[in-house]
Structure formats: structure tokens, C-alpha cells
Amino acid sequence: MASKTLVRLPGLADVHVHLRVPGGEHKEDFFTGTAAAVAGGFTTVLAMPNTTPPLVTCEALHAVQQQAQMVALCDVHFYAGASPDHLDELPLLAQDTVGLKLYADQTYGPLRVDDLATLLSCFQQWPRTKPIAMHAEGRTIAVGIGLAAAFGRPVHFCHVSRADEIALIAQAKANGLPVTCEVTPHHLFLTEADAARLGPLGDMRPRLATQADVDALWAHLDTTVDCIATDHAPHTLAEKRGPEAPPGVPGLETALPLMLTAVAEGRLSMERLVALMAHTPRRIFGLPEQPETWVEVDLNARYTLSDANLRTKCGWTPFTGIPVQGKVHRVQLRGQIIFEDGLIVSERTRF
Ligand code: DOR
Ligand code: ZN
Ligand code: ZN
């Protein structure tokens, strides 16, 4: 076995994670989801509001924040959800969240905003200092760019996946508009050919795209793309193999190994990886510093991604069978080692 080459990176931040609390605890919960995050090198995650009920009221938000505080193994921050029924709560929700999530296209969960009046109200009421993150696909991205320009305020585009979308965002940035974007590892490492091979386990929104789309995302990774975010969206195998398979795939434990493999192959620099997975996400969402926090990775470890030993409750990955180079060895959060050699080392337990 090759000897270890250990390198310390800052604690990573994933700005797009579905932790499924409340209402989806059979898919994931704060303990299993943050265990998966830590095992994947993330010390901060931003949780999405498309839960059941959704996080569109202060009552719902404060209940989950208390729960996360008790069981989470790393820092969890929340997005507020945009819903036509609770627009009046937006200013209060803003005080305790890192951004507003706006589902402008159809996806999993109860949140969907597709009328202009609601969009306008969100942009009027949400504080200018905090980003509005949009699930927008295709020409809906042009709507988001138009709103960012009209209101002169930051808009963050989630999981950009197509060549024309990233070209449009590059154009908006070139004109000085306050837009940012993330891409997911699944849109960087899988194509529609994998979707055909994987069936429901390769289905998510946005769907996997063509090789040309994947190539375009890679071509923009050093310039237009601001963050790598997982869109960790766990569903059980039974649900995925059932009659109405929900879209979404887990990603917290596979993102860093995949991106480290790209570094080993010379497709991206380590400095850029750290910018995409730690510094820029923290800057965009104004996330607090985590002192004495780092992730130690072994750049030499070669292995094959698999469903075995995953921490996510759903217990599977669409990347199973893919060879990678680079492994999380230890994680320290605020001076405490919390993960070492494949084990969570934490004083916290489930109870
Ligand atoms: O595939 C997806 N699944 N896309 C989304 O936007 C939502 C997510 C989920 O929550 O499962
Ligand atoms: Zn989405
Ligand atoms: Zn998502």
C-alpha cells in the first residue's frame, strides 16, 4: 500500500443539503446527515426548506433549529422557504437564516413559486444583504438574472447543469450583475448515459445532461462557477425503486473524493478546489468562521466508491463502482477531533 500523503484543508461548507427534518426522518435526520457531512469533510452545511411541513414559518424554523442544535455533529444553517401563503413572515425568517430558497421550477416537495406577484414580493421583502437562492432551470435562469438586475441584489443559482445556462450566467457576471452559482458533483461526473444505466438512482432535478453540458461545466470551473454544492437529496432505496420514485441523490460522502480525484488527474488545482468548497461558499452566504477547524485528507488513498459504510441513512450512492483517489482521514471542528480513520469521534450520541 502506498504511504499516506496527508494535507490539511479548511473545513468545507456545503451550501445545498436536504436533511429531511421535519417529516422525512426515514430518509435522513440531523444526526445521520451531519455524520455523512463530517465523513465527507464538511464542517458546515446549509439545510434546505422543502421539508414536511416546509420551513416557511418562524415556528417551523425555530423547532428544527433547536433539534439541530442538540444532535448535529457539525454546524447547520438554514434557508427559509418562499411560499405564497407566508410572505409576511419573510423579514422575521431572514433574521435566523442564511438565505431564501425559491423553487421556481417543479421539483420534490411542496414549495413552488411560479407567479410574478410572489416573486416580486420575495424580492421586495427579503433583505438585500442575504442571497436569494433559486432552483431555476433553463430559461427560468433568465428570470432570476432579470430580478437580480431589477432589484440590484444577490441571486445564487443552485445546481447549474447545462452549457447554455452556465454561458448565460457567465454573460450576466461579465456585465457586473450580482449573481453566483453552484454546480454539483453529479452534474460534473455523470451524464445522461449514466442516467440510463442507473434508472431511478440516476434521477434528480435538474436531470443528468449530455457530455457537452458536462464539458461546459468543467470549462467554467475556474471562472464562472462559484461553489461545488452536493444537493445531497437522500431518498430510501424502496422509494427510489417504487412506483413514484422521487428525484434526488445523496452526495455528501462522495463529493470531496471525486473532486480530489480531479485534482490528482490535473483537471483542477487544489487551490481552486478549496475556493469552490470552502472559501467562496462561506463568503457568499456570510457564514461564521470556524476557528481551529480543518479536514486532513490522504491524497494517495485509492479506492472504489461503494454503498458500504455510508453514513447517510439512505445507504446508497449513484457513484458506486467509481474509482477515486483521495480520502478524508481526520476532521477537527473548533479544536476537537470529530472524525478519524472512518469513525465519528464525538461526545455526542443519538440521545
Ligand atoms: O432532485 C432533486 N431532489 N432536486 C431538487 O431540487 C429537490 C431534491 C429533493 O429534495 O429531493
Ligand atoms: Zn433544486
Ligand atoms: Zn436541492
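Only a predicted model underlies this, so the values are computations on that prediction, with no experimental measurement involved.

A. Broad picture of the overall build of the protein chain. For the protein chain, the count of helices and strands is 12 helices and 13 strands. The C-alpha radius of gyration of the protein chain comes to 19 Å, within 12% of the 20 Å expected for a compact globule of 351 residues. Seen along its three principal axes, the alpha-carbon backbone of the protein chain occupies a region of about 60 × 45 × 45 Å. Looking at the protein chain as a whole, 59% of its 351 residues qualify as buried. For the protein chain, restricting intrachain contacts to residue pairs at least 6 apart in sequence, the fraction spanning at least 24 positions comes to 75%.

B. Molecular detail of the coordination of the zinc ion (ligand 3). Taken together, His-16 (NE2), His-18 (NE2) and Asp-231 (OD) make up the protein donors of the zinc ion (ligand 3), found 2.0 to 2.2 Å from the metal. We classify His-16 as buried; its relative accessible area is 1%.

C. Structural context of the sheet that holds strand 11 (residues 323-333). Pairing is antiparallel in the open sheet, where 5 strands are placed in the order 1-10-11-12-13. Strand pairing shows two members of the sheet lacking a second neighbour, strand 1 (6-10) and strand 13 (343-344), which therefore form its edges. Here helix 11 (residues 255-264) sits on the sheet in contact with strand 1, strand 10 (294-304) and strand 11, set at roughly 120° to strand 11.

D. Region of interest: the nonpolar core. Ranked by internal contacts, the top residues of the largest apolar core, which has 85 residues, are Phe-157, Leu-221, Leu-256, Leu-273 and Met-277. A per-element tally of this core places helix 1 (residues 30-39) first, with 7 residues. Excluding residues within four positions of it along the chain, Leu-273 makes contact with Leu-9, Leu-256, Met-259, Leu-260, Val-263 and Leu-268. Among the nonpolar cores identified, the runner-up in size contains 16 residues, and Ala-13, Val-56, Cys-158 and Phe-285 belong to it.

E. Structural context of the packing of aromatic side chains. Applying the stated criterion to the full structure yields 4 aromatic pairs. Relative to Phe-285, the ring of Tyr-79 has its centre 5.8 Å away and its plane inclined at 85°; by these criteria the two rings are edge-to-face. Of the two residues, Tyr-79 is situated in strand 4 (residues 75-81) and Phe-285 in the loop between helix 12 (270-284) and strand 10; the sequence distance between them amounts to 206 residues. Across this residue pair, the class does not change: Tyr-79 and Phe-285 are buried.

F. Fine view of the packing of helix 5 (residues 140-151) against helix 6 (residues 163-174). Helix 6 packs onto helix 5 with a crossing angle of 15° between their chain directions and a minimal axis gap of 10 Å. Between helix 5 and helix 6, the angle falls in the class roughly parallel. Crossing of helix 5 against helix 6: the hand is right-handed. On the side of helix 5, the interface is formed by Ile-141, Ala-142 and Ile-145, while helix 6 contributes Glu-165, Leu-168, Ile-169 and Ala-172. Of the residues assigned to the contact of helix 5 with helix 6, the class counts are 6 nonpolar, no polar and 1 charged.

G. How the structure looks around the confidence of the model for the protein chain. Of all residues in the protein chain, 98% attain a pLDDT of 70 or more, and the chain-wide mean is 96. Per-element mean pLDDT across the protein chain ranges from 94 in strand 13 up to 99 in helix 7 (residues 185-189).

H. Molecular detail of the coordination of the zinc ion (ligand 2). At this site the zinc ion (ligand 2) is bound by His-135 (ND1) and His-159 (NE2), with donor distances of 2.0 to 2.1 Å. Between the zinc ion (ligand 2) and the zinc ion (ligand 3) the interatomic distance comes to 3.6 Å. Taken together, the positions of His-135 in strand 6 (residues 132-135) and His-159 in the loop between strand 7 (155-157) and helix 6 put the pair 24 residues apart, joining distant regions of the chain.

I. Fine view of the site of ligand 1. Lining the immediate environment of ligand 1, one finds 13 residues, of which Arg-20, Asn-50, Thr-107, Arg-205 and His-235 sit closest. With respect to ligand 1, the side chain of His-235 contributes an N or O atom lying 2.9 Å from an oxygen atom. Protein chains shield 100% of the accessible area of ligand 1, which is 290 Å² for the free molecule. Residue composition of the shell around ligand 1, by class: 4 nonpolar, 6 polar and 3 charged.

J. View of the pattern of salt bridges. If you walk through the whole model with that rule in mind, you get 10 salt bridges. In this structure, Lys-27 engages Glu-239 in a salt bridge whose closest nitrogen and oxygen atoms are separated by 2.9 Å. Separated by 212 residues along the polypeptide, Lys-27 in the loop between strand 2 (12-17) and helix 1 and Glu-239 in helix 10 (residues 237-240) bring together distant segments of the chain. Classification of Glu-239 by relative accessible area gives partly exposed; the value is 21%.

Reading guide: rules and limits
Residues numbered from 1 in each chain as written. Chains lettered and ligands numbered in written order. Predicted model: local features only at pLDDT ≥ 70, side-chain atom pairs only at ≥ 80, totals over all residues. Heavy atoms only, no water. Helix = DSSP H or I, 4+ residues; strand = E, 2+ residues; numbered from the N terminus. Rg over C-alpha atoms; globule rule 2.2 N^0.38 Å. Buried < 20%, exposed > 50% of the residue type's maximum accessible area, 1.4 Å probe, protein only. Contact = heavy atoms within 4.5 Å. Donors = N, O, S within 2.8 Å, 3.2 Å for Na, K, Ca; no water. Pairing = 2+ DSSP bridges. Axes fitted to C-alpha atoms, helices over the stretch in contact; angles between N-to-C directions. Core = buried A, V, L, I, M, F, W, Y, C linked by side-chain atoms within 4.5 Å. Phe/Tyr/Trp six-rings, centres within 6.5 Å; stacked < 30°, edge-to-face > 60°. Parallel < 35°, antiparallel > 145°, perpendicular 65-115°, else oblique. Left-handed = near helix turned anticlockwise from the far one by under 90°. Nonpolar A, V, L, I, M, F, W, Y, C, P; charged D, E, K, R; others polar. pLDDT = per-residue confidence, 0-100. Near = heavy atom within 4 Å. Polar contact = N/O pair within 3.5 Å; in protein donor to acceptor, adjacent residues only side chain to side chain. Areas by Shrake-Rupley, 256 points an atom, 1.4 Å probe, with all protein chains shown as cover. Salt bridge = Lys/Arg side-chain N within 4 Å of Asp/Glu carboxyl O.

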